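Observations on the three-dimensional arrangement
Given next are the chains, with one letter for each unit.
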Amino acid sequence: MRLLLTCLVLVIATSLAAQLNWLETNIPMSDGQSLKADIYLPENWTTGPTILIQTPYNKNLYRLNLPLGIGQAQATMGYSIVIVDWRGFWGSEDAAYTGAPGIGEDGYDVVEWIANQPWSDGNIGTWGPSALGRVQYLTAKENPPHLKCIVPVVAAPTYTYNEYYPGGCYRVEYMDQITALGFGTGALVLANPYLNAVWNFTANENFYPDEINVPTFMIAGWYDHNIDFMIPFFEALQNLSPLPVRDKHKLLIGPWVHGGHGFANPGSANQGQLSYPNAANINHEEAWKFFDYHLKGIDTGIYNQPAIQYYKMGENTWHYAAEWPVQTTPYYLYLHENGELNSQIPTSSNASLSYDYNPEDPSPTIGGPTLRTDLNQGPFDQRFEVENRDDALIFTTEELTEPITLAGKAKLHLKISSSVIDTDFAVRICDVYPDGRSMLVVDGIQRMRFRNGYTAADEAFMTPGQLYECTIELPYTTITFQEGHHLRIVVTSSNYPRFNRNMNTGGAMYPALNGDVLVNPQIAHNTVHVSSLHASYLELPVVASGTTEVADAFSSPVQVYPNPAKDYFIIDNPLDGAYQLDIKDCLGKNVLKQNVNDPLQRIETGSFAKGIYLGIISNATHYHTFKIVISD
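What counts and what doesn't
Residues numbered from 1 in each chain as written. Predicted model: local features only at pLDDT ≥ 70, side-chain atom pairs only at ≥ 80, totals over all residues. Heavy atoms only, no water. Buried < 20%, exposed > 50% of the residue type's maximum accessible area, 1.4 Å probe, protein only. Helix = DSSP H or I, 4+ residues; strand = E, 2+ residues; numbered from the N terminus. Patch = residues over 30% accessible without salt bridge, like charges linked within 9 Å, V, L, I, M, F, W, Y side chains within 5 Å. Areas by Shrake-Rupley, 256 points an atom, 1.4 Å probe, with all protein chains shown as cover. Salt bridge = Lys/Arg side-chain N within 4 Å of Asp/Glu carboxyl O. Lys, Arg positive; Asp, Glu negative; His and termini not counted. Charge placed at Lys NZ, Arg CZ, Asp CG, Glu CD. Expected span 1.5 Å × (residues − 1). Pairing = 2+ DSSP bridges. Axes fitted to C-alpha atoms, helices over the stretch in contact; angles between N-to-C directions.

1. Let's talk about helix H3 (residues 131–141)
For an α-helix the count is 3.6 residues per turn, leaving residues at separations of three or four pointing the same way. Counting buried positions along H3 gives 9 out of 11 residues, so the element sits mostly inside the fold. Among all positions of H3, only Ala131, Leu132, Gly133, Arg134, Val135, Gln136, Tyr137, Thr139 and Ala140 are buried. Positioned one or two residues after H3, Asn143 has a phi angle of 60°, which is positive.

Next comes the structure, spelled out in structure tokens:
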């Protein structure tokens, strides 16, 4: 297959030779080996800055079209571009040997070689997605003198247990694709299914924000599997990188998938079954501003806005923030036996819902942050292949009368029991459109033997029929569920092949280091409890509606008492004169709105359902927020 692909690339590239011009060369490494590289120079080029791309996926592919929106417009790109095959891959395959320098060290040699060429002015930046992004961090860590900036796309440098075992479950399709691409890490990962010294060492070795000495522009996607690792590393860069560059880092988060196959990529308008036209090519436009600023000295305005630019899905608008995540208020939606999802605590003392999970007939993966080439990426409708099954519990809000915005990580808190000693619980959060489409937003999973933690000592099996807590933390996202939509969660015990199928036996999870095998699997009868005594609920990080400075919600001078409140509560208002009072439920719906003149205001709670509410007091120049809990 690899030979056929190479032949096809060469045939097509030969036919396009008149449109793109490159020079293939060998770049010498410090150990005496050399790496194969293609050099692209604009017509009549004399000297200038360079963009370096280091790839394990065959540099010859770029002979079809150059990245960053250049396509075949080589004459006008304004930069020289160097594309290098990694040591041990494609044209540089023969340079590999045991104990060879790492790819970061090779990156250092390539950068400094470029700086010494007559067509280079010594200003070099790097670009690339996924593995092409990880190598940029490693190159920057080596601190080559002529590296001025890096632009890693959908990539973080970290390697953590949670990346490979989210919720304690092996990522089958992800590791299948990693193996197919030639990265031989599968056996090592499967040999360490618990959080142990190997993972701790690996995580520490690959977390080095203090060693990134150049401005970094990270480009991320809400539907990319790396989002949970990119945001913390960017925060670390903001706080731990060397002082001269600490305020030079940028983060762009769009409504994008990881890419690598199919029609959707970072920067394309179409993502899954949805389209975001105002996000198309923003990644390229902002990257060019970053490169022009750092490599050409042009004031492009890249630093005129806060460090983070992010896309609010649903609302489909761009926003800025100085740090992430933005400040939010937690809201709680309870699961009910009739399938409702609302802010009221269930009234039944013994309600529950059950389903059978069969590992030989798992709930299928439909879209999401996938990588394997036979799977779709991004937002896809879950109605027909996921929700229309007997092994799915579905909980849906009423039709929203006002928008509600999530920004951060949602958590599903389940009270569960099972007929087996180990099983999984999985959740998908969906945005239900007025036409009925149930579009996936985020998903997550938790293996019950790891409910207390992920070390071998944490492992604990269940007693059949006994009640347990299960908390599923979902990835970062930002989305506005619009008026007329519904918010939905789907609870299952599988999401395959995104995650390994639990055999429900409590036995070895990956026999013979096989991450996708069933050995005498059992059917699990799984129960989710939705009663007043054992309530299950969704915790949402919600941005206060209509506010512009949400951080105020965490340092509010408003005094509210008693809190929790039963029959009434009193607001001690710090604003002078008249103000407006709004109280919203956890869906952002106004339950009270009135103008107030008194500094002390008594609110009767007889018309309020039990739950948590957000209060907002505001006048022409100020606003403050507060949280109030209404109890029995």
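2. Concerning a negative patch on the surface
The grouping of Glu105, Glu142, Asp210 and Glu211 at the surface amounts to a negative patch. Note on placement: Glu211 falls in the loop between helix H7 (197–205) and strand S7 (217–223). Look at Glu211 and you get partly exposed, because its relative accessible area is 32%.

3. What about helix H2 (residues 103–115)?
Its 13 residues give H2 an end-to-end C-alpha distance of 18 Å, which sits within 8% of 18 Å, the value for a rise of 1.5 Å per residue. Along H2, the positions that sit buried rather than exposed are Gly104, Asp106, Gly107, Asp109, Val110, Val111, Glu112, Trp113, Ile114 and Ala115.

4. Some points on the pattern of salt bridges
Applying the stated rule across the entire model yields 25 salt bridges. Lys289 serves as the salt-bridge partner of Glu286, at 3.1 Å between the closest nitrogen and oxygen. Here the residue Glu286 and the residue Lys289 both occupy positions in helix H10 (residues 282–296), the gap between them amounting to 3 residues, near one helical turn. According to the relative accessible area criterion, Lys289 is partly exposed, its value standing at 33%. Of the charged contacts in the structure, one is a salt bridge between Asp443 and Arg498, with a shortest N-O distance of 2.9 Å.

5. Some points on the sheet that holds strand S16 (residues 393–396)
Spatial ordering of the open sheet is given by S16-S21-S18-S19, a layout of 4 strands whose pairing is antiparallel. Looking at the sheet topology across the chains shown, the edges are occupied by S16 and strand S19 (438–447). In this sheet, adjacent strand axes meet at a mean angle of 20° when their direction is disregarded. Here strand S18 (residues 424–432) pairs with S19 via 9 bridges, running antiparallel. For Ala426, the partnering residue across the bridge sits in S19 and is Ile445.

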